[in-house]
Amino acid sequence: MNQHILPTRTGYSACPHDCPSTCALEIEVEDGRIGRVRGSRANSFTAGVICAKVARYAERANHPDRLTQPLRRIGPKGEGRFAPISWDEALDEIAHRFRDAEQAHGPEAVWPYYYAGTMGLVMRDGINRLTRAKGYSRFFSSICVNPAWSGFLAGTGKLAGPDPREMAKSDFVVIWGTNPVSTQINVMTHAIRARKERGAKIAVVDVYRSPTMEQADIPILIRPGTDGALACAVMHVLFRDGLADRAYLKDFADDAAGLEAHLATRTPDWAEAITGLPADEIEAFAHAIGRTKKTFIRAGYGFTRSRNGAVAMHAVSCIPTLTGAWKHEGGGAFHSNSAIYGWNKRMVEGLDIPTSARELDQSRIGDILTGDPEALLGGPPVTAMLIQNTNPVSVAPDQETVRRGFARNDLFVAVHEQFMTETAAMADIVLPATMFTEHDDLYQGGGNQYVILGPKLVEPPGECRTNHAVIVALADRLGAAHEGFQMSPRDHIDWLLQAKGRGTVEELEEKRFLDVQPDFDTAHYVKGFNWPDGKFRLKPDWAHSRFTSPGKFGPYRDMPEWPDHWTVIEEANADYPFRLVTAPARSFLNSSFTETEGSVAREKRPELLLHPEDAAALEVGEGELVRVASARGEVLLHARLFDGLRRGVVVAESIWPNRAHAGGRGINSLTGADPVAPAGGAALHDNRVRIGKV
Ligand SMILES: Nc1nc2c(c(=O)[nH]1)N[C@H]1C(S)=C(S)[C@@H](COP(=O)(O)OP(=O)(O)OC[C@H]3O[C@@H](n4cnc5c(=O)[nH]c(N)nc54)[C@H](O)[C@@H]3O)O[C@H]1N2
Ligand SMILES: Nc1nc2c(c(=O)[nH]1)N[C@H]1C(S)=C(S)[C@@H](COP(=O)(O)OP(=O)(O)OC[C@H]3O[C@@H](n4cnc5c(=O)[nH]c(N)nc54)[C@H](O)[C@@H]3O)O[C@H]1N2
Ligand code: SF4
Ligand SMILES: [Mo]
């Protein structure tokens, strides 16, 4: 091949992956391919830093295993044999099978299924336009954010908070139930700035000595699912030792006296018995929080992936209300900025098309595909699917049921993917998808405040097409009408920007990104929280959760009326004496990057972190293969002896494909799909298991 046909240039983009950091990127383009990827210095949140897996993105984008042509299954389902077909044949077949499904059972038999493999607003959400236009079963997204978001909303009333860059101006940074070194590296940039420039201490609350806890000044190591207890004991000490800001509480909280009375029995000793964290460490942690006005709590998703996760998130968000930290620059609690964008999604999602079709729960895909009448909401079976940007046959809980569902011969599945994932391998038709550098899209930061343009920089390999192109082509064949199908991705971006008064796509092209951070008073709730009386809800109204979902989920009627340790978690018992957490692996991103050699080489093999004393009691040695079983399934993992855990707690860093494990079953064979109260979602880190020698 000729070298340097085209000169090297730098393209500007956003990382499209499902990560709160949403980094602004600078990408070298050479000979029509991407090369090195760097974090933008001009973007004050990214601040020139990105994670290692995206820095070596060329490995993923230019990978020889990328899908480049449409395929049709030839062997039996799941065997993995496919033959190339043309795009027209593939699209005709999908349209034909969707029509058949509709004729046999009505439009709700078709279930378009997607998630956040790309976070681009056009490519991710456009599938909903087809769903609405055809009256197909709607998609209730639940797997990731619902416990966290419903928990945060319960107190503040709004999913936003202090500018995440203010962490650098804080005097005490508390990283609670997130592992940013692995999952959102830029949080560390700003936290470490506070340490360097202000001598701030960094506390990390986690259930194992994560790569983030390795860097903490104050490690707070607790048992899984006990954050509510820790938060309550902290607040007990704040009230008891005169560290609560009573003037602030009077103006900005609903019922501080009620909470104080409730917490009287939530002592550090009480919490020690639940969390495993010694009472004196709880006292010291509470005093550090109470005596540092500028305490910034960065609350993550990890600690909410438990059956009591929403209650835990709410309890943590109460802490700055007790201390009044919200009112200080560098103080308060931040979880997500999703409420600050306010896009009009009418064109992208076809929101003006009326539909009363059922909304099926993403996390319960196993129950849905195996015909559970309750999960099907009393409606027809699902017999046809189009899947974009997600890999349920690795990532969905209750994997044994999921795999049985996908094995059904009367289920037609089309998967639009970049790689032959485990879900694509179960499909009837596989369509090759573009990557973010190969299409136009628009991105918003979850953990920051930037709107970023991600323009097409290179031509896709082979016959790859965008999500938008596939949706438009199917709409055409299926007779689905909406203006959004006539628009290009660039038109959609322009429409989204203009509808919100954020200029045009040309203007954004010049600027690359927009900082839409709300002003200080708004971000810090200086004029009150987002309720009619402006008061933070210490006593949340769970029955009227502000989270928009098609109803209430899980045992929401049993939720405690005050912040508490809610015992609904899967406590260990005699049969299943260990608590398992399935924390994300640093070099993978969910199931993405499990296809790149660089990431696999770093992660090595699927392992179970096991306390050496637990290992000794089980007579398990370093590296030995162990059988880990829950009530839902079992998996074989190599034991890695690790003392950064409470005894009785084990961690498996994930998400490896099922097929990467001896025995062919992955970590989600152990996890459950029963919904978390009150807004749904999966308790992926809340599992009781037993461990045995193989
Ligand atoms: N490298 C990498 N980055 C990722 C991802 C990935 O898979 N890999 N996934 C992306 C996605 S989709 C998301 S949503 C975000 C999520 O990012 P985070 O907010 O960081 O959430 P989790 O990754 O689920 O878990 C983070 C930490 O929570 C801890 N944890 C688990 N249970 C408990 C508990 O009960 N209490 C406490 N205090 N801690 C607990 C885990 O041990 C883990 O260290 O990360 C994104 N970034
Ligand atoms: N045990 C356990 N299970 C978990 C978790 C956990 O912590 N533990 N985390 C959960 C969480 S938080 C999440 S969000 C889910 C995420 O799980 P997934 O949704 O499966 O996550 P991703 O790996 O981000 O993306 C899936 C796929 O999208 C594809 N993709 C990317 N861009 C495009 C595109 O433009 N077009 C098309 N058609 N495809 C594209 C990628 O190739 C990838 O295979 O997993 C959940 N499952
Ligand atoms: S830290 Fe997150 S947003 Fe930034 S490059 Fe890595 S995966 Fe993408
Ligand atoms: Mo997620």
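Per an unreviewed UniProt entry, the protein is named Anaerobic selenocysteine-containing dehydrogenase, and its organism is Ancylobacter rudongensis. The heading Sequence similarities (unreviewed entry) in the UniProt record of the protein holds the text "Belongs to the prokaryotic molybdopterin-containing oxidoreductase family."

Trainee: Summarise the pattern of salt bridges; cite the residues concerned and give the values.
Mentor: In a structure, side chains of opposite charge can pair up when their charged atoms sit close to one another. Evaluated as defined, the whole model comprises 51 salt bridges. In this structure, Arg 72 and Glu 93 form a salt bridge, with 2.9 Å as the shortest nitrogen-oxygen distance. Of this pair, Arg 72 sits in strand E4 (residues 71-73) while Glu 93 sits in helix H3 (residues 87-105), placing them 21 residues apart in sequence. Classification of Arg 72 as partly exposed rests on a relative accessible area of 28%. When its relative accessible area of 19% is taken as the criterion, Glu 93 is described as buried. Its salt-bridge partner being Arg 195, residue Asp 217 comes within 3.3 Å of it at the nearest N-O pair.

Trainee: Any details on the sheet that holds strand E2 (residues 24-30)? Residues and values, ideally.
Mentor: One open sheet accounts for three strands, arranged E1-E2-E3; its pairing is antiparallel. Unpaired on one side and paired on the other, strand E1 (9-14) and strand E3 (33-39) mark the two borders of the sheet. The average angle at which neighbouring strand axes cross in this sheet is 30°, direction not considered. Pairing between E1 and E2: six bridges, direction antiparallel. Each bridged residue has a counterpart across the sheet, and for Thr 10 the counterpart in E2 is Glu 28.

Trainee: Break down the packing of aromatic side chains for me, with residues and values.
Mentor: Any pair of aromatic rings gets described here by the distance separating the centres and the angle formed by the planes. This model, assessed by the stated rule, comprises 21 aromatic pairs. Judged by centre distance (4.7 Å) and plane angle (25°), the ring pair of Tyr 525 and Phe 529 falls under stacked. The class for Tyr 525 is buried, based on a relative accessible area of 4%. Seen from their ring centres, Phe 588 and Trp 656 are 4.9 Å apart, and the 90° between their planes marks the pair as edge-to-face. Taken together, the residues Phe 588 in the loop between strand E20 (578-581) and helix H23 (597-603) and Trp 656 in the loop between strand E24 (649-651) and strand E25 (687-693) connect sequence positions 68 residues apart.

Trainee: Now, about the domain arrangement of the protein: what can you tell me, with residues and values included?
Mentor: Domains assigned within the protein are domain 1 (9-61), domain 2 (71-143 + 341-436 + 462-487), domain 3 (147-335) and domain 4 (578-693). When each unit is reduced to the centre of its C-alpha atoms, the spacing between domain 1 and domain 3 is 32 Å. Listed as interface residues are twelve residues of domain 1 and, on the opposing side, twelve residues of domain 3. A per-residue breakdown of the area domain 1 buries against domain 3 is headed by Pro 20, Ser 44 and Phe 45, which together make up 52% of the total.

Trainee: I'd like a rundown of the site of ligand 2, residues and numbers included.
Mentor: Taken together, 30 residues lie around ligand 2, and Thr 390, His 416, Glu 417, Ser 592 and Asn 668 are the ones closest in. One nitrogen or oxygen atom from the main chain of Leu 589 is found 3.2 Å from an oxygen atom belonging to ligand 2. Notes on ligand 2: free accessible area 920 Å², of which the protein chains cover 97%. Class assignment of the residues belonging to the shell around ligand 2 gives a composition of nine nonpolar, 17 polar and four charged. In this structure, the shell around ligand 2 is formed jointly by two domains, domain 2 (71-143 + 341-436 + 462-487) and domain 4 (578-693), each of which donates at least three residues.

Trainee: Which residues make up the site of ligand 3, and what are the values?
Mentor: What surrounds ligand 3 is the set Cys 15, Cys 19, Ser 21, Thr 22, Cys 23, Ile 50, Cys 51, Val 54, Ile 185 and Leu 589. Class assignment for the residues of the shell around ligand 3 results in eight nonpolar, two polar and no charged.

Trainee: With reference to specific residues and values, describe the UniProt feature "domain: 4Fe-4S Mo/W bis-MGD-type" (unreviewed entry) in the protein.
Mentor: When the UniProt feature table is mapped onto this chain numbering, "domain: 4Fe-4S Mo/W bis-MGD-type" (unreviewed entry) sits at residues 8-65. Spanning residues 8-65, this segment combines 14% helix with 34% strand, and its end C-alpha atoms are found 25 Å apart.

Trainee: Give me the lowdown on a negative patch on the surface, citing residues and values where you can.
Mentor: Together, Asp 269, Glu 272, Asp 280 and Glu 281 make up a negatively charged patch on the protein surface. Those elements that provide at least two residues to the negative patch are helix H12 (268-275) and helix H13 (279-291). With respect to the element layout, Glu 272 can be found in helix H12. Taking the relative accessible area as the measure of exposure, Glu 272 reaches 34% and is therefore partly exposed.

Trainee: Can you break down the pairing of strand E22 (residues 625-630) residue by residue, with the values?
Mentor: Here E22 pairs with strand E23 (residues 633-641) via six bridges, running antiparallel. Within the sheet, the bridge partner assigned to Ser 630 lies in E23 and is Gly 633. Between E22 and E23, which pair antiparallel one after the other, the connecting turn spans two residues. Here E22 runs beside E25; their pairing, made up of four bridges, is antiparallel. Note that in E25 the partner of Arg 627 across the bridge is Gly 692.

Trainee: Which residues make up the side chain of Lys 345, and what values do they have?
Mentor: With respect to the secondary-structure elements, Lys 345 resides in the loop between strand E12 (332-334) and helix H15 (346-349). The contact partners of Lys 345, leaving out residues within four places of it in the chain, are Leu 121, Arg 124, Asp 125, Gly 350 and Leu 351.

Trainee: Please give an account of H12 that cites residues and values.
Mentor: When we look at burial in H12, the residues that qualify are Pro 268, Ala 271, Ile 274 and Thr 275. Projected down its long axis, H12 carries its buried residues within an arc of 120°, all on one side. For H12, the exposed residues set more than 90 degrees away from the buried face come down to Asp 269 and Ala 273. On the buried face of H12, the contacting elements are helix H9 (227-240) and H13. Phi turns positive one or two residues past the end of H12, at Gly 276, with a value near 85°.

Trainee: Tell me about helix H11 (residues 256-263), and please be specific about residues and values.
Mentor: Those residues of H11 that fall on the buried side of the exposure criterion are Ala 256, Gly 258, Leu 259, His 262 and Leu 263. Take H11 and look down its axis: the buried residues cluster within an arc of 160°, on one side only. More than 90 degrees from the buried face of H11, the exposed residues found are Ala 257 and Ala 261. At its buried positions, H11 is contacted by H9, helix H10 (246-252) and helix H14 (309-323).

What counts and how
Residues numbered from 1 in each chain as written. Chains lettered and ligands numbered in written order. Predicted model: local features only at pLDDT ≥ 70, side-chain atom pairs only at ≥ 80, totals over all residues. Heavy atoms only, no water. UniProt positions renumbered as here; feature names shortened; annotations may be inferred. Salt bridge = Lys/Arg side-chain N within 4 Å of Asp/Glu carboxyl O. Helix = DSSP H or I, 4+ residues; strand = E, 2+ residues; numbered from the N terminus. Buried < 20%, exposed > 50% of the residue type's maximum accessible area, 1.4 Å probe, protein only. Pairing = 2+ DSSP bridges. Axes fitted to C-alpha atoms, helices over the stretch in contact; angles between N-to-C directions. Phe/Tyr/Trp six-rings, centres within 6.5 Å; stacked < 30°, edge-to-face > 60°. Domains from an automatic or database assignment. Contact = heavy atoms within 4.5 Å. Buried area = accessible area lost by both parts, 1.4 Å probe. Near = heavy atom within 4 Å. Polar contact = N/O pair within 3.5 Å; in protein donor to acceptor, adjacent residues only side chain to side chain. Areas by Shrake-Rupley, 256 points an atom, 1.4 Å probe, with all protein chains shown as cover. Nonpolar A, V, L, I, M, F, W, Y, C, P; charged D, E, K, R; others polar. Patch = residues over 30% accessible without salt bridge, like charges linked within 9 Å, V, L, I, M, F, W, Y side chains within 5 Å. Lys, Arg positive; Asp, Glu negative; His and termini not counted. Charge placed at Lys NZ, Arg CZ, Asp CG, Glu CD. Arc of directions from axis to C-beta.

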